[in-house]
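Architecture and fold: a report
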Amino acid sequence: MEKKPTVLSGIRPTGNLHLGNYFGAVRNFVKMQETNECYFFIADYHMLTTHPNPKDLQGNVRQVIIEYLAAGLDPDKATLYLQSDIPETAELYLFLNMNAYLGELERVTTFKEKARKQPDNINAGLLTYPTLMASDIIIQRAHLVPVGKDQEQNLEMTRTFARRFNRMYKVDYFPIPKAFNFDDELVKIPGLDGSGKMGKSEGEGNAIFLCEDPKSIRKKVMRAVTDSGPEQMNQEKPEAIQNLFSLMEVVSSSETIQFFDDHYNNCTIRYGDLKKQLAEDIVSFTRPFYERIQELSANDEYISRVINQGAEKARANAMKTVRDVREIIGFRKIY
Ligand code: TYM
């Protein structure tokens, strides 16, 4: 029987999971754990590019584990772990950095964006973010990587590094992984501020979190950016309005979307009504997550057990890879 592709993905512990993380990534994780060998981790090494204080880092990591579980990840079906519990990742990262070139790293859009946003902290970790990410992926010899649209270029880099390694050492060792989403296209969930994607660092009020209470969700949605309304029938929707419709696409029924779309097209839409409906649909969608998060937060012992169990399995697999890679490179065996 042919072996099913191995699946791997990760999320940085920047705080709580938002709808972008859910629809871009975690929803796919939950589906894939049913059929594939899956590795899902928390990218805490990656967080160090922004120099978090140790207490915040620890708290945020725990929170993301809780929210992974609340979203439906099952530690008996998928391996859930922390990136920093696999120190072999850092060794593979070192090897990959020897064959990663300044020019290609500097061209990565996320690097350029981050360098613009934090001009006083353009550290080497930021530049080599794609090699660390490649290391995360290929250390588990993954084939499919469920991610949102914003990670597409990083995945392309991973493919380049994996191919380069294979070519350089004339081996067929690393699979060439692919970005994955069930609906063919990778997803980009927009934020509430009228432009761009939903994200934690895009400013207050832009993102809605799985753990958010209904009152706060309603407040944020009602404040979302709109305009004064369409002036011509069937006019193309401006970005801010299209964004609200895109959010409806993931949380509302098709009748609801049709209803507001018709009203938009004949210029009778009331954005207040649209936002009220959207807020209610988000509240109904997030409620079960919200409740599970509250329950899991009280269960420290279970959370620790999940993390330990995942670390053991993920590390054993990673150690095997690094052992093989050391041998391929020409180092002597040490373990
Ligand atoms: P991060 O933590 O920024 O985001 C985690 C996942 O959520 C997706 N995502 C979105 N998808 C659609 N619309 C949005 N608005 C949106 N916002 C976030 C992201 O695409 C991602 O899938 N570099 C990664 C973490 C990482 C990783 C890896 C991922 C480190 N190593 C190895 C996969 C494999 C990151 O910063 O994602």
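Structure: above.
In this report, we go over the structure that sits alongside the text. (Residues numbered from 1 in each chain as written. Predicted model: local features only at pLDDT ≥ 70, side-chain atom pairs only at ≥ 80, totals over all residues. Heavy atoms only, no water.)

1. Let's talk about the overall build of the protein
A count of helical and extended segments in the protein gives 14 helices and five strands. By the compact-globule yardstick of 20 Å for 335 residues, the protein fits well, its C-alpha radius of gyration being 21 Å. Dimensions of the protein, computed from the C-alpha atoms along their principal axes, are close to 75 × 50 × 45 Å. Within the protein, the proportion of its 335 residues that are buried is 50%. Contacts spanning at least 24 positions in sequence make up 77% of the contacts within the protein whose residues lie at least 6 apart. When the accessible surface of the protein is summed, it comes to about 16,700 Å², and 50% of that surface belongs to carbon and sulfur atoms. The distance from the centre of the 43 positive side-chain charges to the centre of the 46 negative ones in the protein is 5 Å. (Helix = DSSP H or I, 4+ residues; strand = E, 2+ residues; numbered from the N terminus. Rg over C-alpha atoms; globule rule 2.2 N^0.38 Å. Buried < 20%, exposed > 50% of the residue type's maximum accessible area, 1.4 Å probe, protein only. Contact = heavy atoms within 4.5 Å. Areas by Shrake-Rupley, 256 points an atom, 1.4 Å probe, with all protein chains shown as cover. Lys, Arg positive; Asp, Glu negative; His and termini not counted. Charge placed at Lys NZ, Arg CZ, Asp CG, Glu CD.)

2. Focus: the packing of aromatic side chains
Under the definition given, this model contains 16 aromatic pairs. The interplanar angle of 80° and the centroid separation of 5.1 Å between the aromatic rings of phenylalanine 180 and phenylalanine 182 together place this pair among those described as edge-to-face. Through pairs of rings, three or more aromatic residues link up here, namely Tyr22, Phe23, Phe285 and Phe289. Lysine 31 extends its terminal NZ or CZ atom over the ring of phenylalanine 182, reaching a point 4.0 Å from the ring centre. Its guanidinium or amino end placed over the ring of tyrosine 129, lysine 114 lies 4.8 Å from that ring's centre, counting from NZ or CZ. (Phe/Tyr/Trp six-rings, centres within 6.5 Å; stacked < 30°, edge-to-face > 60°. Lys NZ or Arg CZ within 6 Å of the ring centre and 35° of its normal.)

3. Concerning the site of the ligand
The environment of the ligand is made up of 27 residues, and the closest members are Arg12, Tyr129, Asp136, Asp150 and Ile189. A distance of 2.6 Å separates an oxygen atom of the ligand from a polar atom in the side chain of arginine 12. When residues of the shell around the ligand are traced back to their parent elements, those giving at least two are strand S1 (6–11), helix H1 (19–32) and helix H8 (129–139). Class assignment for the residues of the shell around the ligand results in 13 nonpolar, nine polar and five charged. (Near = heavy atom within 4 Å. Polar contact = N/O pair within 3.5 Å; in protein donor to acceptor, adjacent residues only side chain to side chain. Nonpolar A, V, L, I, M, F, W, Y, C, P; charged D, E, K, R; others polar.)

4. Overview of unusual backbone geometry
Note on backbone geometry: most residues besides glycine have negative phi, and most peptide bonds are trans. In this model, arginine 141 sits at a positive phi of 50°, which is unusual for a non-glycine residue. Looking at the secondary structure, you find arginine 141 in the loop between H8 and strand S4 (144–146). Despite not being glycine, asparagine 234 shows a phi value in the positive range, around 55°. Tracing the sequence through the fold places asparagine 234 in the loop between helix H10 (214–222) and helix H11 (239–251).

5. Points about helix H13 (residues 271–297)
For an α-helix, 3.6 residues make a turn, and residues three or four places apart therefore share a direction. Between the first and last C-alpha of H13 there are 37 Å, a value that for 27 residues agrees with the 39 Å anticipated at 1.5 Å per step. Where H13 bends most, at threonine 286, the angle is about 40°, and the proline proline 288 comes one to four residues later. For H13, every residue scored as buried is listed here: Tyr271, Leu274, Lys275, Leu278, Ala279, Asp281, Ile282, Val283, Thr286, Phe289, Ile293 and Leu296. On its buried face, H13 sits against H1, helix H3 (54–70), H10, H11, helix H12 (254–265) and helix H14 (300–329). (Expected span 1.5 Å × (residues − 1). Bend = angle between axes of the 7 residues up to and from the residue.)

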